[in-house]
Amino acid sequence: QVQVVESGGGLVQTGGSLRLSCAASGSTASIIVMGWYRQAPGKQRELVADVNRDGRTNTADSVKGRFTISSDNAKNTVYLQMNSLKPDDTAVYYCNVRTWRGTSWGQGTQVTVSS
């Protein structure tokens, strides 16, 4: 079992930046991929970006060039640096941790971008 704790998020103006952090604990030796998803009101949850233990990243086209995912395997932590934020980025952001045994989700953190 892996526990996930998120931090960061908040309210920012268009063009601003935020950094999200996600720390995993518990059975961390079984982690395969850590990443971020988001869900806006009335929309499905979608992948924002993820990174595997080898450092290979996968980023949604909608945020490429603006968002950067990075990880610190020693700390079992993943970061999402979000720059040039737009109102369309407003959503609840969820950390996702995939292991050999299953998937764990964080509680979600709200990101609101004002126009």
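Residues numbered from 1 in each chain as written. Predicted model: local features only at pLDDT ≥ 70, side-chain atom pairs only at ≥ 80, totals over all residues. Heavy atoms only, no water.

**Q** If you had to explain the nonpolar core to someone new, which residues and values would you point to?
**A** One finds Trp36, Leu80, Met82 and Tyr93 to be the most contacted residues of the largest nonpolar core, which totals 28 residues. When residues of this core are traced back to their parent elements, those giving at least two are strand S1 (2-7), strand S3 (18-26), strand S4 (31-39), strand S5 (46-52), strand S7 (67-72), strand S8 (77-82), strand S9 (91-99) and strand S11 (109-114). In contact with Tyr93, other than residues within four places in its own chain, are Glu6, Leu20, Trp36, Tyr37, Arg38, Val48, Phe67, Leu80, Met82, Gly108, Thr109 and Val111. (Core = buried A, V, L, I, M, F, W, Y, C linked by side-chain atoms within 4.5 Å. Buried < 20%, exposed > 50% of the residue type's maximum accessible area, 1.4 Å probe, protein only. Helix = DSSP H or I, 4+ residues; strand = E, 2+ residues; numbered from the N terminus. Contact = heavy atoms within 4.5 Å.)

**Q** Describe the side chain of Glu6, naming the residues involved and giving the relevant values.
**A** Relative to the helices and strands, Glu6 resides in strand S1. Here Glu6 is buried and forms no salt bridge, its nearest opposite-charge partner Arg45 lying at an N-O distance of 7.8 Å. At 3.4 Å, the side chain of Glu6 and the backbone nitrogen of Gln107 are in polar contact. (Lys, Arg positive; Asp, Glu negative; His and termini not counted. Salt bridge = Lys/Arg side-chain N within 4 Å of Asp/Glu carboxyl O. Polar contact = N/O pair within 3.5 Å; in protein donor to acceptor, adjacent residues only side chain to side chain.)

**Q** With reference to specific residues and values, describe the pairing of S4.
**A** Summarising burial for S4: seven of the nine residues are buried, a large majority. Taken together, the eight bridges between S4 and S9 define a ladder with antiparallel strand orientation. Bridge assignment links Met34 to a residue of S9, and that residue is Val97. Judged from the six bridges that link them, S4 and S5 form a sheet pairing that is antiparallel. Bridging from a neighbouring strand, Met34 pairs with Val51 of S5. (Pairing = 2+ DSSP bridges.)

**Q** Describe the environment of Arg38, naming the residues involved and giving the relevant values.
**A** Within the secondary structure, Arg38 sits in strand S4. Considering only alpha carbons, one finds Arg38 and Thr68, 30 residues apart in sequence, at a separation of 15 Å. Other than its neighbours up to four places away in sequence, Arg38 contacts Gln44, Arg45, Glu46, Val48, Ser62, Val63, Phe67, Asp88, Asp89, Ala91, Val92 and Tyr93. Polar side-chain contacts of Arg38 include one of 2.9 Å to the side chain of Asp89. A distance of 2.9 Å separates polar atoms of two side chains, one belonging to Arg38 and the other to Tyr93.

**Q** Which residues make up the state of the cysteines, and what are the values?
**A** Across all of its chains, the model carries one disulfide by this definition. Each sulfur in the disulfide pair Cys22 and Cys95 lies 1.9 Å from the other. What sets the handedness of the Cys22 and Cys95 disulfide is the S-S torsion sign, and at about -75° it is left-handed. Of this pair, Cys22 sits in strand S3 while Cys95 sits in strand S9; the two residues are 73 residues apart in sequence, bridging distant segments of the chain. Take Cys22 and Cys95: they sit in the same class, and that class is buried. (Disulfide = S-S within 2.5 Å.)

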